[in-house]
Structure formats: C-alpha cells, structure tokens
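Observations on the model geometry
Listed here are the chains, written in short residue letters.
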Amino acid sequence: MNRYEPLKIEQKWQEKWEKESPFRALDGAKAPKKFLAEMFPYPSGAGLHVGHVRNFTIVDILARFYAQKGFNVLRPFGYDTFGLPAENYAIKTGVSPQSATKINVENFRKQLKRLGYYIDWDREINTSNPEYYRWTQWCFLQLYKKGLAYQKESYQWWCPVDQTVLANEQVENGHCWRCGAEVEKKKMKQWFFKITEYADELLEEIDSLDWPDKIKTMQKNWIGKSTGAEIEFELAPDSQETSDSSTKTAITVFTTRPDTIFGATFLVLAPEHPLVPLLATENTRPAVEKYCADSLKKSEIERQENKEKTGVFTGSYAINPATGEKIPIWVADYILSGYGTGAIMAVPAGDERDREFAEKFNLEIREIEKTPEKPFGKEKTTYRMRDWLISRQRYWGCPIPIAYDKSRNPHPIPEDQLPVLIPEVSDYKPDNTGRSALAKATDWLKVKIPVVDEKTGETHLEEMTRETDTLDGYACSSWYLWRYASPNCSEFAWDPEKIAYWEPLDIYCGADHAVAHLLYIRFWAKFFADEGKLPFREPVKTLLYNGYINAPDGKKMSKSKGNVIDPLDVINSGYGADTLRTYEMFIGPYDLDAAWNPRSVGGVHRFLSRVYALAFDKQTPENALKNSGKTDKAPEEIPQNAPLRAKTIKRVTEDIERYSFNTAVSALMEFVNDLYKSGASAEDIIILAKLLKPFAPHLASEILEAYHSDDSWPVCDESLLESDLVQIIVQVNGKLRGKLSLPAEFLENEEEVKKLALEDKNVQKFVKTTPKKTIFVKKAKLLNFVV
RNA sequence: GCCCGAGUGGCGGAAUUGGUAUACGCGUUCGACUUAAAAUCGAAUGAGGAAACUCAUAUGGGUUCAAGUCCCAUCUCGGGCACCA
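Overview of the overall build of chain A
The number of helices and strands found in chain A is 25 helices and 32 strands. Counting only C-alpha atoms, chain A reaches 105 × 80 × 55 Å along its principal axes. Every one of the 787 residues in chain A was classed for burial, and the buried ones make up 52%. By sequence separation, contacts in chain A at least 24 residues apart represent 73% of the contacts at least 6 residues apart. Surface summary for chain A: the accessible area is close to 37,000 Å², and the carbon and sulfur share equals 49%. Averaged over its 105 positive side-chain charges, chain A has a centre that lies 4 Å from the centre of its 115 negative ones.

This is how it looks when you write it as structure tokens:
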C-alpha cells in the first residue's frame, strides 16, 4: 500500500524550489506579462494566520495558473514592517524594533516557504530597510516640492499623563485608553499630503475600475463630493456691541440648496469657527466660551453619538440677503468645522436638523414661499475627504526628511543626503514634549543644510534641527507596488523601463484598506504620472477583495478568545500545505466570509489522498504510461474519458478565470470520482495533475515528475464536448415529464423531436389533447408542451 | 436614518445568459473489507407518499410557455456611511 505522505513530498519540492528558484520573473521577456500581488502583510510576532493563507493562496493560484499558461509572471512579496506593535514591544521589553522586525520577517519567510508559494524571492521588499525608505523620503520630497506636502496647525487628542498624541480610536469617553486620564485637544503643527487636490479625478475614475462595487461605493462616499454655493451673510450693523471696525463683517456659509434662502431664519456656526469669539457680546460671552470649550473637549464620537441638539446664541445678527431681514447667529456642535465653511444658513422648513434645532430653541420656522430667480452666492464644490495627515509622533517609522532653521521654517533634506536614517536609541518612549523617541538622539537632531543667501546668491551651510515626526505607514505602502518592478535599483525609486514593462499591476488581492491604502496608491499614481514619472494614472487594474476566515462558531478569531487556528499547526498535524491551500479555496466563494470547519479540511485531505492513490497506488506510473500508449503504441484503453477530460479542463480553466476557486475544486473532485469508476489512464492522471497544480503544487509536481510530464496548462478540445447522443428534456407546462436520448442531429429537427416526445408514455399522461403551443429551445435541449 | 449585498437540505455551498433546483464537500444511514476498530471502498440521503405524484430556493403578489434567477411589496441577516448643510 502506497500512502499519501504530504509532509515528505512537500519537503522534497520545497527544497528543490529553494535550490532552483524557478519562480523568477524575467524583466522584458517576450511572453505576455502578468503582474500579481497581495496586499503585503505586517509581519507580526504571531506569524501567519489562516486569513493570510486565504489571501496569498488566491494570488498564488492565479500566478501558477498564468505561469502554466505561458505568461511571464511576476509575483513578488514584501513586508510592511513599520508600525506601532514593534514600537510598543520595544518600549515594553527594550528589544529594538529593528531586531524584532528582523526576526519576524525571517519567521514569515520560513512560513511562506512551507506553503509552497510561487514567489520571486529576488524581489523581496521591506519598508523599514534604509534602501527602501530612502525612496519613501524621496517621494515625500517630490510632493513637498509641488506644495502637496505641507504643514498646518490642527487639533489633536493629547493625553497629559502619557504625554502623547492619541488617535481618535484611542480616546474612550474622553479618557485615554491606556491611563484613563481626561484627554485634551491640543493644537499642533502637523504635516499633510494634499490628496484633496486630486479629489475630482479620484472620484471620476472610480467607475472605470475593475474593482468590487463595494469598494468603489466606499471610496465615492469617502470623497463625498457635493455641489452647491457659498453665500455671504453681512452682519447686521448694530449687532456687535464690541464695535471694532477691523472686524470682518460677513459670514460665508455653504449650502447645497441656495434656492431655499427665503426660508433661512438663522445662521449656525461650528464651535471652532474663528469668528465665534468676535460675535459673542458682553452678555453672551461667558455662555459662548463655555459652550465652545466643552465642545472641544468632547470627542468626535461623543459629538456624533449624542444627537440631541445643543447650542448657544452669540448675541449677534446677520442680514438675510434675500429678505433683508435680521436673523440671529447661533453656535452649535452639529455644525462641523472641517466641512464647507464651518457655517450654515439654517432652513428649518426644509432641513430636518435645522427644524429640530429651531423647535428646541424657539426659532422661527418659515415656509419657503418663493425661490430666487438668480441663484445667490457663487457656485462651490466641497468634499468630505480631508487632506491626509501624515505626521506621527513615533519612533518606528520613516523619518520625515525635513529640518528646521532657527525661525522654525522647514527646509527639505537634500536628495543626495537621503536616506535620513533612523537613529539608534536606548529608550523608545516618546519624550515629554509630544515628540517621538527620535528627539532623544541629540547628535542626530543636528544637521547642516545648504542655504542660498538671498542677497549674495551664495550657498552656505546652516545648522538646523531635524523633524522628529515620522511618516504614516500608509506613505510607505503607497508606492511599493512600483518598487517591485526594480526592487534593487539604487539610482531611482523605480526603473522607468521596468515600470513600462510590468506595470500597472494586473491583479491585486487583499481583505482590508478599502478607502485608506487603496485611495492613497491611486493618489500617488496620479501625482507621479503628472510628474512624468509613471506611464499610468491608475495603479491597479483588477482588485479582488477576499473575505475573512472566522472561527468554527462564525465569530472572529482572536487571541483573547483562544479560537485562533494556526496554519502551521494544520500543516504539521499531517495534512500538509496542499490540503490547507485547497481547503481554503474550497471553503466558499473567495469574496465572502467563511467559517473554519475542521471536518471539511479532512474532506479535502481525503480528496488529495484519492488523487495520490489514483497516480501511485491503484497502478504504478510505469504501467499506466505503458497502457496508455505513452511508451508504446497501444491505444488508450478508456475512450470515454476523453470527453470527461475536456469537460474538466473547460470547467477548471473558466472557474479560475472568473475567480470561482471553490467550484474549480468541485470540478476536480467530480473528475476524480469519475476516474474511480472508469479507471484512469496516464493521460487522465497527467491532465488531473496539471489542473490541480495551482491548488496543490507539491502533490501535482510529484505526479507530473513520475509521469514524465511538463505542467503546461491543457487546452480543451471543444469537439470532444459534443457527444453523439444528446439528452432532450421534455416538459409539460414547464414541468419535467420525460427525457429523450437522441442522436445530436435531432436538435435540428423540431418536428421529429415533438413526435418522439408525444410517444413517451409519461408525457402522454399529461398531454391528453393537442398542445396549444410547443416551445423548443435548441440551446437548452428542451421541449415544452403547453396544454 | 441612508446606501449596498445576501437569504437555497441537518451544515458549508452549486446552478456562468430566465430552461432538468439541491453539483461538490461535511454529517448521517446501510453494506464490503476486518477478530474488532480506524482507514479505505461501494450505496443511499430536500420533505410528504406504498407508488403515481405533490410540495419545496425568507414571505406575499406579479411578468413569462418556463422564475432560485426578472419586477413590486414585506421580513430577517451582513456590510458601509452616518448631524457632511
């Protein structure tokens, strides 16, 4: 008895692939190219999880499929290594992020190899490698040169105890998630990328993308374009008790319905609006100031959770330009400072929120009786999308290549001084001024930057202080797909010739980052296309967004619940990588979430064991080859299998092409079941192994080697699909009443089929009189009598 | 609240263009092999019915010779957005 021993087979092939590197992509080869990638992972200390395996296996199947079809395939791999977990680990243990990352990457690589992935290991990318982040810094400088990287004061969450900035999600009920201290909002100068510059193009090109509708809709909502008008409301002359002539005398509001202006009975400003302090009068000032201070303290989440309207009257009035009437100006936190102008004209008769506010505070609600013939104000388009805040007060990130002179003016680090290396420190905690641990590297902070003297035109070196913020990790991942084309290029971020050959990416697969990452790479592609550095404006042709794998009970897997399934455990338990890969494809449609089912894993393993038995146990490869005429001229002994093979080739090929991996596996299972009944020739086994190879590459390689076959993707002989006999379905009133097995030429002869159908005894039971109507569908091989 | 997506056996799911509903797998049952068990192999498996047949794709209508598929309404679940003026 010759049993399937996956671990043995897999070790053999993995060693061979390690030695021979057969998955290298050939730059500029003549064969048509396919460039495929998954969203590169953050290599956590926990190693691969089954969700990674699903994602990577989808890409692997496509890579192998296209390689077997003769394409020049590029399937690289990379690691998104900057990030908080490594930094927090360093703060806790003192182990540097550099060395923790190195260990984690090595572990990931080892695990990936245990899965037998088709990866061009010469193109491995690591974002925390200075040779990589050098070019991330270069990208920043290109954006900076064009004014698309800029500094702006903005409010940030600040924990006074931990002395650090917090993200919105790290603030719980107004308290720091770590120490519980009440957080403050602190105005800080931060770096931004001006993604809003491309808002229109990012929106318009969404429709042309071969991406899931879900993602396209999310991006559209995120960009949130709306068109309307900005209208100026003059302040009523006597409205300000603090009469200051230099004060601005108009408030600009944004509205999508300028036609409703006759119903505007008051104005509302966001608490952060700069005019609020000026509008407050002697009497109202204490209340206004308290309201604004309270609002600032509330988190965005709290402000949105509490839908009960709150607000306060400023004491000032404005003039409605349509009616000439004096209307009161209020402050309320249901107006968002970051959207539009941070001020609205309230039309309680037309807007639900304004009505609610007016009812609560007893303000006038006036029906919109007429609409102005000429629209007020000037046309204006606004977006929900804000500029991308990229400053992070973190150690473990790509340093922003900027230095400040004595007056705190920013200067770019000259490109020939890149990379700005991350300095080594011994303590990774942020310092007490809200700066990252980079600030502790006192020697590193000082840098001499060439400055051109405006008067003399001469260049001199000026001592400056480096920026201590690092870049958002999303910046590092915004261009890595282009680095894959020339991962070791030392002259450019990417080699233009190689970019022209490989890019854009044909298929990108992932399960996350619907708006952030997938919007940022589009933004950078457009920017660098404008710079003449990329020959395309959309970086990803087809996007596959795969579902999650949940625990057997349907809940999310998590360490704390203790329900995590470790893919290496599945492999090592004896199932092997081929079973794991094939199971995760068989689990269901790739784009839906699925629950892990241990019994089903066993079912897939049984299937692969049957494949193995077919090739090695029921007969030896030598005998099979002899019998099917591979080694002598004897005719193939199982003629009915030729159409079966053709059918299977067609199904598996088409299923992979439409990403229906679960049904492709089903088709292979059916083929194997049929071969168990009919017996299998060498030809049958070779075709089976070729079709199986993308899913179970080790086992398939083992079979193909023993059967002296290459792995070229088989072509379906369509003529074999047309059998001599066809089955014709006979319905009466749409219900199945009989089946006729007839020579194929009968499909051309409707009358004859009708005659034969009416001779069927069962059909006769339901057709007592002459049918009113007869419908014959040749394509469906179906006859329907209407009685 | 708004916008998407989905609802098919005991379970995961299939049905690609309106044309044989329930492929494939799991589970269950029976049989073979075995002293026995496991493994393996074979058979059965939507419900009702002895059968003929009838009824079944969330619910109720509709269009059609024919509907899981198209249309209308309702319910349930999942996802996204959520005071965006």
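Section: the packing of helix α20 (residues 641-657) against helix α21 (residues 661-678)
The contact between α20 and α21 brings their axes to 8 Å, and the two run at 165°. With respect to their mutual orientation, α20 and α21 come out roughly antiparallel. Pair α20 / α21 crosses with left-handed handedness. Listed contacts from α21 to Asn-641, Leu-644, Arg-645, Thr-648, Arg-651, Val-652, Asp-655 and Ile-656 of α20 are Phe-661, Thr-663, Ala-664, Ala-667, Leu-668, Glu-670, Phe-671, Asp-674, Leu-675 and Ser-678. Considering only residue class, the contact of α20 with α21 consists of 9 nonpolar, 4 polar and 5 charged.

Some points on the protein's contact with RNA strand B
Around RNA strand B sit 51 residues in total, of which Thr-256, Lys-309, Tyr-339, Arg-353 and Arg-384 are the nearest. A distance of 2.9 Å separates a sugar or linking oxygen of RNA strand B from a polar atom in the backbone of Tyr-334. With respect to RNA strand B, the side chain of Arg-606 contributes an N or O atom lying 2.6 Å from a phosphate oxygen. Top contributing element to the surface near RNA strand B by residue count: α21, with 7 residues.

Considering unusual backbone geometry
In this structure, the amide linkage connecting Leu-418 to the following residue, Pro-419, adopts the cis form with an omega of 0°. Following Glu-503, the chain continues into Pro-504 via a peptide bond in cis, with omega recorded as -5°. Mapping Pro-504 onto the fold places it in the loop between α15 (496-502) and β25 (505-510). The phi angle at His-708 is positive, at roughly 50°, despite the residue not being glycine. Given a relative accessible area of 67%, His-708 falls into the exposed group. Phi at Lys-781 takes a positive value of approximately 50°, unusual for a residue other than glycine. Within the secondary structure, Lys-781 sits in the loop between β31 (773-777) and β32 (782-786). For Lys-781, a relative accessible area of 34% translates into the label partly exposed.

Some details on the sheet that holds strand β13 (residues 312-319)
Read across the sheet, 4 strands follow the order β13-β14-β12-β15 without closing on themselves; strand pairing throughout is mixed. Every other strand in the sheet has two partners, leaving β13 and β15 (343-346) as the edge strands with one partner each. Across the sheet, the mean angle from the axis of one strand to that of its neighbour is 25°, orientation sign disregarded. Sheet topology note: the β13/strand β14 (residues 326-331) ladder contains 5 bridges and is antiparallel. Counted as the bridge partner of Ile-319 is Lys-326 from β14. Contacting β13 and β14, helix α9 (residues 285-297) crosses the sheet at an angle of about 110° to β13.

Focus on the side chain of Glu-87
Structurally, Glu-87 is set in helix α3 (residues 84-93). Here Glu-87 occupies a buried position and makes no salt bridge, while the nearest side chain of opposite charge, Arg-394, is found at 4.4 Å. Within polar-contact distance, the side chain of Glu-87 engages the backbone nitrogen of Tyr-395 at 3.0 Å. Setting aside chain neighbours within four positions, we find Glu-87 in contact with Pro-97, Arg-394, Tyr-395, Trp-396 and Tyr-428.

Side note on the pattern of salt bridges
Summed over the entire model, instances satisfying the criterion amount to 51 salt bridges. Its salt-bridge partner being Glu-415, residue Lys-145 comes within 3.2 Å of it at the nearest N-O pair. With Lys-145 in helix α5 (residues 130-145) and Glu-415 in the loop between β21 (410-412) and α12 (442-445), this pair connects stretches of sequence that are 270 residues apart. The exposure class of Lys-145 is exposed, given its relative accessible area of 55%. You can call Glu-415 partly exposed: its relative accessible area is 34%. The salt bridge partner of Asp-711 is Lys-693, with a shortest N-O separation of 2.7 Å.

Concerning the packing of aromatic side chains
This structure, assessed with the given rule, holds 54 aromatic pairs. Look at Trp-524 and Phe-528: their rings are 6.0 Å apart centre to centre, the planes differ by 65°, and that puts the pair in the edge-to-face class. Here the residue Trp-524 and the residue Phe-528 both occupy positions in helix α16 (residues 516-530), the gap between them amounting to 4 residues, near one helical turn. Residues Trp-524 and Phe-528 agree in their burial class; the two are buried. Residues Tyr-612 and Phe-616 carry aromatic rings whose centres are separated by 4.8 Å and whose planes lie at 40° to one another, so their mutual orientation is tilted. One end of the pair, Tyr-612, and the other, Phe-616, are both in helix α18 (residues 598-616), 4 residues apart, so they sit about a helical turn from each other. Overall, Tyr-612 belongs to the buried group, its relative accessible area being 9%. In this structure, Arg-64 is placed above the aromatic ring of Trp-17, and the distance from its NZ or CZ to the ring centre is 5.1 Å.

With respect to the sheet that holds strand β18 (residues 391-392)
Read from one edge to the other, the open sheet built from 3 strands follows the order β18-β24-β19, with strand pairing classed as antiparallel. With partners counted over all chains shown, the strands left at the sheet margins are β18 and β19 (398-399), one partner each.

Reading guide: rules and limits
Residues numbered from 1 in each chain as written. Chains lettered and ligands numbered in written order. Predicted model: local features only at pLDDT ≥ 70, side-chain atom pairs only at ≥ 80, totals over all residues. Heavy atoms only, no water. Helix = DSSP H or I, 4+ residues; strand = E, 2+ residues; numbered from the N terminus. Buried < 20%, exposed > 50% of the residue type's maximum accessible area, 1.4 Å probe, protein only. Contact = heavy atoms within 4.5 Å. Areas by Shrake-Rupley, 256 points an atom, 1.4 Å probe, with all protein chains shown as cover. Lys, Arg positive; Asp, Glu negative; His and termini not counted. Charge placed at Lys NZ, Arg CZ, Asp CG, Glu CD. Axes fitted to C-alpha atoms, helices over the stretch in contact; angles between N-to-C directions. Parallel < 35°, antiparallel > 145°, perpendicular 65-115°, else oblique. Left-handed = near helix turned anticlockwise from the far one by under 90°. Nonpolar A, V, L, I, M, F, W, Y, C, P; charged D, E, K, R; others polar. Near = heavy atom within 4 Å. Polar contact = N/O pair within 3.5 Å; in protein donor to acceptor, adjacent residues only side chain to side chain. Pairing = 2+ DSSP bridges. Salt bridge = Lys/Arg side-chain N within 4 Å of Asp/Glu carboxyl O. Phe/Tyr/Trp six-rings, centres within 6.5 Å; stacked < 30°, edge-to-face > 60°. Lys NZ or Arg CZ within 6 Å of the ring centre and 35° of its normal.

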